[in-house]
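Close look at the chain arrangement
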Amino acid sequence: MPFARRQSSSDIYHITTRGSGRQIVFEDDDDRRELLRILDEGLEANDVGLLAWCLMDNHFHMVAEGDADDIPRLMHRVNSTYARVFNHRHDRVGHLFQGRYLRLPVEDDGYLLTLVPYVHRNPERAGLSPTNAYPWSSYHEVMEGCGRVDVERLLDLFGGWDGFEEAHAGQGPPPAPGTVRQRDVQPEALLEMARSLLGGTDPKEVKAMARGERDLALATLRKGGMTVRSIERLTGVSRGVVSRASLG
């Protein structure tokens, strides 16, 4: 099964949708509100639960729970409907998103405890805003005790509001390149970052994957902010192969 379509035994997935050619997919707050409106309709129409979300300028993240049929139906509805609305509103034509969405399996609560803060801290890692001040993520839904995410489940997972806040205070994968040099990051932290980006898969498994699946995994690591040198060290795949896969 292709890497990006591997089934999760927990039915929980980290979903990412990116703009084609890294183009902006949210020009303003009205666009963001429209995406969330469409998402709300899709959640209501499909048996899918939401555990986290974050809207950036040229992509968005979700952590969603649903079976192998409901997740694709939700994402097809969200991406296709939003693309039509965006194109009409901004007088443009053509594909808005970069191929199909990326769907990575979340297999256990330990990884979920890392993933939720990782999603919420995207604006902070990008230098846009502190996590607790960014208005376009589910962080505030949890802290306010209501919203489209399953607040009760998340608070139970993190052991309450204090545990939730503590998990978002600098925990999780290391900062993206540009804030620190990756050669100064502890190997354990880089390994955690790679596992987070690969949906819990050990990066050492990448080398043995079929070529297409391997290249997708390598590209995912590069798009997640890891250097070619770090990927080579963690996966055992040569720099040349990593670089070519990143350009694919």
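Worth saying up front: this structure is predicted, and the values here are computed from it rather than measured.

Our next topic: the overall build of the chain. On a plain count of helices and strands, the chain comes out with 11 helices and 4 strands. The buried share of the chain, reckoned over its 248 residues, is 49%. Restricting the contact set of the chain to residue pairs at least 6 apart, pairs at least 24 apart contribute 69%. For the chain, the computed accessible surface area is about 11,900 Å², with 48% contributed by carbon and sulfur atoms.

Let us look at the packing of helix 3 (residues 109-120) against helix 6 (residues 151-158). It is at 11 Å that the axes of helix 3 and helix 6 come closest, and there the two elements cross at 110°. Judged by the inter-axis angle, helix 3 sits roughly perpendicular to helix 6. Here the hand of the crossing between helix 3 and helix 6 comes out left-handed. For the pair formed by helix 3 and helix 6, the contact residues are Asp109, Leu112, Leu113, Val116 and Pro117 on the first element and Leu154, Leu157 and Phe158 on the second. For the contact of helix 3 with helix 6, the class distribution of residues is 7 nonpolar, no polar and 1 charged.

Of all hydrophobic cores here, the largest spans 69 residues; its most connected members are Phe60, Met62 and Met226. For this core, the element with the highest residue contribution is helix 2 (residues 70-89), accounting for 7 residues. The residues contacting Met62, other than those within four sequence positions of it, are Tyr13, His14, Ile15, Leu39, Leu50, Ala52, Trp53, Leu74 and Met75.

Look at Asp91: it is not a glycine, yet its phi comes out positive at around 55°. With relative accessibility at 74%, the residue Asp91 sits in the exposed group.

In terms of burial, strand 4 (residues 102-106) is largely enclosed, as 5 of its 5 residues are buried. By the alternation rule, side chains of strand 4 split into Leu102, Leu104 and Val106 and Arg103 and Pro105, which are all buried. Alignment of strand 1 (residues 12-18) against strand 4, held across 5 bridges, turns out to be antiparallel. Residue pairing across strands places His14 opposite Leu104, the latter belonging to strand 4.

Should the charged atoms of two oppositely charged side chains come close, the side chains can pair. Under the defined criterion, the tally for this structure stands at 15 salt bridges. A salt bridge links Asp28 to Arg89; its shortest N-O distance comes to 2.9 Å. Highlighted residues: Asp28 in the loop between strand 1 and helix 1 (29-45) and Arg89 in helix 2, separated in sequence by 61 residues. The partner of Arg33 in a salt bridge is Asp30, with the nearest N and O atoms 2.7 Å apart. Note that Arg33 and Asp30 are positioned in helix 1 at a spacing of 3 residues, about one turn of the helix. The class for Arg33 is partly exposed, based on a relative accessible area of 45%.

What the rule picks out here adds up to 7 aromatic pairs. Centroid distance Phe60 to Phe97: 6.2 Å. Interplanar angle 80°. Geometry classified as edge-to-face. Residue Phe60 is located in strand 3 (residues 59-65), and its partner Phe97 is located in the loop between helix 2 and strand 4; the two are separated by 37 residues in the primary sequence. The exposure class of Phe60 is buried, given its relative accessible area of 1%. For Phe97, a relative accessible area of 9% gives the class buried. An aromatic cluster is built from Phe26, Phe60, Tyr82, Phe86 and Phe97, whose rings are joined through pairwise contacts. The ring of Tyr13 is capped by Arg103, whose NZ or CZ atom sits 4.7 Å from the centre of that ring. The positively charged end of Arg125 is found above the aromatic ring belonging to Tyr118, 4.1 Å away from the centroid.

For strand 3, the buried fraction is high: 6 of the 7 residues fall into the buried class. Bridge analysis of strand 1 against strand 3 gives 7 bridges, and the strand direction is antiparallel. Its bridge partner lying in strand 3, His14 is registered against Val63. Looking at chain direction, strand 2 (residues 49-55) and strand 3 are connected through 6 bridges and run antiparallel.

Conventions we followed
Residues numbered from 1 in each chain as written. Predicted model: local features only at pLDDT ≥ 70, side-chain atom pairs only at ≥ 80, totals over all residues. Heavy atoms only, no water. Helix = DSSP H or I, 4+ residues; strand = E, 2+ residues; numbered from the N terminus. Buried < 20%, exposed > 50% of the residue type's maximum accessible area, 1.4 Å probe, protein only. Contact = heavy atoms within 4.5 Å. Areas by Shrake-Rupley, 256 points an atom, 1.4 Å probe, with all protein chains shown as cover. Axes fitted to C-alpha atoms, helices over the stretch in contact; angles between N-to-C directions. Parallel < 35°, antiparallel > 145°, perpendicular 65-115°, else oblique. Left-handed = near helix turned anticlockwise from the far one by under 90°. Nonpolar A, V, L, I, M, F, W, Y, C, P; charged D, E, K, R; others polar. Core = buried A, V, L, I, M, F, W, Y, C linked by side-chain atoms within 4.5 Å. Pairing = 2+ DSSP bridges. Salt bridge = Lys/Arg side-chain N within 4 Å of Asp/Glu carboxyl O. Phe/Tyr/Trp six-rings, centres within 6.5 Å; stacked < 30°, edge-to-face > 60°. Lys NZ or Arg CZ within 6 Å of the ring centre and 35° of its normal.

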